[in-house]
Amino acid sequence: MDRNKQHRQVALMRQSLFDQGLLDEQFVQLEELQDDANPNFVEEVVTLFYRDSARLILNIDQALDKSPLDFAKLDSYMHQFKGSASSIGAKKVKSECTLFREYCKAGNGEGCKRTFQQLKKEYALLRKKLESYFQLARQVGPVETACRRI
């Protein structure tokens, strides 16, 4: 496959993440911070998100196993998780976080549990797709741009 075709494939894969509603404008803003000095910035930020959020998922899982449910603690954990998800533009994950917090405020434990299962699915799906995207982008390398010599 020639380089132009490979770059198009990366661009199409990236666009599909937006078309599927998995990512939002915040991801684009992260990309704008990436430059030659830090060519893997976005991938590093996303990797940190997944590493740090694993602890929050574990905390939420444990809190959902307790009886009675501590909705204030659950809401606090989810507030942190939502902030982290927002920082990388994880649109569907963020949406599930918002719904979970609404169930917390309503004292609806079953709603929290159902929503948390859906959140974990969206989280895993996004992780898988982003890993594939970053892997392909690394293989293809940066887009070559022509520049004038001064």
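Please refer to the structure higher up on the page.
Residues numbered from 1 in each chain as written. Predicted model: local features only at pLDDT ≥ 70, side-chain atom pairs only at ≥ 80, totals over all residues. Heavy atoms only, no water.

S.K.: How do you make sense of the pattern of salt bridges when you look at a structure like this?
M.R.: Pairs may arise between side chains of opposite charge once their charged atoms sit close together. According to the stated counting rule, one finds eight salt bridges in the structure shown. Lys120 is the partner of Asp61 in a salt bridge, and the nearest nitrogen-oxygen pair spans 3.3 Å. With Asp61 in helix H3 (residues 41-65) and Lys120 in helix H6 (residues 109-140), the pair connects residues that are 59 residues apart, well separated along the chain. By relative accessible area, Asp61 is classed as partly exposed at 27%. Residue Lys120 is classed as partly exposed on the basis of its relative accessible area of 24%. Arg101 serves as the salt-bridge partner of Asp75, at 2.7 Å between the closest nitrogen and oxygen. Of this pair, Asp75 sits in helix H4 (residues 71-88) while Arg101 sits in helix H5 (residues 91-106), and the two are 26 residues apart along the sequence. Taking the relative accessible area as the measure of exposure, Asp75 reaches 16% and is therefore buried. Taken together, the shared-partner salt bridges in this structure form one network comprising Asp75, Arg101 and Lys105. (Salt bridge = Lys/Arg side-chain N within 4 Å of Asp/Glu carboxyl O. Helix = DSSP H or I, 4+ residues; strand = E, 2+ residues; numbered from the N terminus. Buried < 20%, exposed > 50% of the residue type's maximum accessible area, 1.4 Å probe, protein only.)

S.K.: Before we go on, may I ask you to explain the packing of H3 against H6 in this structure?
M.R.: For the pair H3 and H6, interaxial distance at closest approach is 11 Å and the crossing angle is 160 degrees. One finds that H3 runs roughly antiparallel with respect to H6. With respect to the hand of their crossing, H3 and H6 are arranged in left-handed fashion. Between H3 and H6, the residues in contact are Val42, Glu43, Val46, Phe49, Tyr50, Ser53, Ala54, Ile57, Ile60, Asp61 and Leu64 and Cys112, Lys113, Phe116, Lys120, Tyr123, Leu126, Arg127, Leu130, Phe134 and Arg138, respectively. Among the residues forming the contact of H3 with H6, the class breakdown is 14 nonpolar, one polar and six charged. (Axes fitted to C-alpha atoms, helices over the stretch in contact; angles between N-to-C directions. Parallel < 35°, antiparallel > 145°, perpendicular 65-115°, else oblique. Left-handed = near helix turned anticlockwise from the far one by under 90°. Contact = heavy atoms within 4.5 Å. Nonpolar A, V, L, I, M, F, W, Y, C, P; charged D, E, K, R; others polar.)

S.K.: Got a minute to help me understand unusual backbone geometry in this structure?
M.R.: Looking along the chain, the bond that leaves Ser67 and enters Pro68 is cis, with omega of -5 degrees. Looking at the secondary structure, you find Pro68 in the loop between H3 and H4.

Any functional reading would require information beyond the geometric quantities listed.
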